[in-house]
Amino acid sequence: MAEKRNIFLIGPMGAGKSTIGRQLANELHLEFFDSDAEIERRTGADIAWVFDVEGEAGFRVREEKVIFDLTEKQGIVLATGGGSILSKETRNRLSARGFVVYLETTIEKQVARTARDKRRPLLQTGEPQEVLENLAEARNPLYEEIADLTVKTDNQSAKVVSREIIDKLGF
């Protein structure tokens, strides 16, 4: 691969961004980053703690900075947090610096995939199905706005989704 290109994965929690991102990076021999993991690394605390102490607004400021820094790199696969696209600056940055792949999934799959995960602060604020429906209503148009490619992840393995992304992007 003569020129190094970035792949940025966006989508709701439970869409498989981290799992598919690792698979993609492995297959393409690129470096993998997860914006949430990078925030945890930099703060020395988990996402739930950052939410508790700084609130969602404080978390989003950290997230925007981390994504800005990571998108400066070349030849990476980045799994972003589900709400990262709420920032216009982040949406513009992702669009300008790489291929944006929207990993789409149903609310039902999200509920099933996140049911036992206590590390998702937004799901602790109410009934998961209702919370996810409200998030989808607000965020899905933003995912669609910046996506270069949309891939459904519901009934496919990370390997199959990864292969589809590689084929469609021509890597």
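Look up: the structure comes first, before these words.
Everything numeric in this text was worked out from a predicted model, so none of it was measured. (Residues numbered from 1 in each chain as written. Predicted model: local features only at pLDDT ≥ 70, side-chain atom pairs only at ≥ 80, totals over all residues. Heavy atoms only, no water.)

### Quick look at the packing of aromatic side chains
Filter applied, for reference: Note on ring pairs: Phe, Tyr and Trp rings are taken, using the six-membered ring of Trp, and paired if centres are within 6.5 Å. Classes follow the plane angle, with under 30 degrees stacked, over 60 edge-to-face and the rest tilted. For every residue, the accessible area obtained with a 1.4 Å probe (protein chains only) is divided by the maximum for its type, and the residue is called buried under 20%, exposed over 50%, and partly exposed between those limits.
Enumeration according to the criterion identifies three aromatic pairs in this entry. Arranged with centres 4.8 Å apart and planes meeting at 40 degrees, the rings of Phe 51 and Phe 59 form a pair that is tilted. Here Phe 51 matches Phe 59 in class, with each residue buried. Measuring from centroid to centroid gives 5.0 Å for Tyr 102 and Tyr 143, while their planes differ by 35 degrees, and the two rings are tilted.

### A short note on the pattern of salt bridges
So the rule is basically this: A side-chain nitrogen of Lys or Arg and a carboxyl oxygen of Asp or Glu constitute a salt bridge if their distance falls within 4 Å.
Here the structure, examined in full by the defined rule, presents 13 salt bridges. Beyond isolated ion pairs, a larger network of salt bridges with shared partners links Glu 38, Arg 41, Arg 42, Lys 65 and Asp 69.

### Description of the environment of Thr 105
Quick reminder of the rule: Going along the chain from the N terminus, every DSSP run of H or I of four or more residues is numbered as a helix, and every run of E of two or more is numbered as a strand. We call two residues in contact whenever any of their non-hydrogen atoms come within 4.5 Å of each other. In the analysis that follows, any N or O atom pair within 3.5 Å is treated as a polar contact, provided that within protein one partner can donate a hydrogen and the other can accept it, and provided that, for residues neighboring in sequence, both atoms belong to side chains.
Tracing the chain through its elements places Thr 105 in the loop between β4 (99-104) and α5 (107-114). The class of Thr 105 is buried, set by a relative accessible area of 14%. For the pair Thr 105 and Lys 152, spaced 47 residues apart in the sequence, the C-alpha separation amounts to 5.9 Å. With residues near it in sequence (within four places) discarded, Thr 105 still touches Pro 12, Gly 14, Ala 15, Gln 110, Arg 113, Thr 153 and Asp 154. In this structure the side chain of Thr 105 is engaged in a polar contact, spanning 2.4 Å, whose partner is the side chain of Asp 154.

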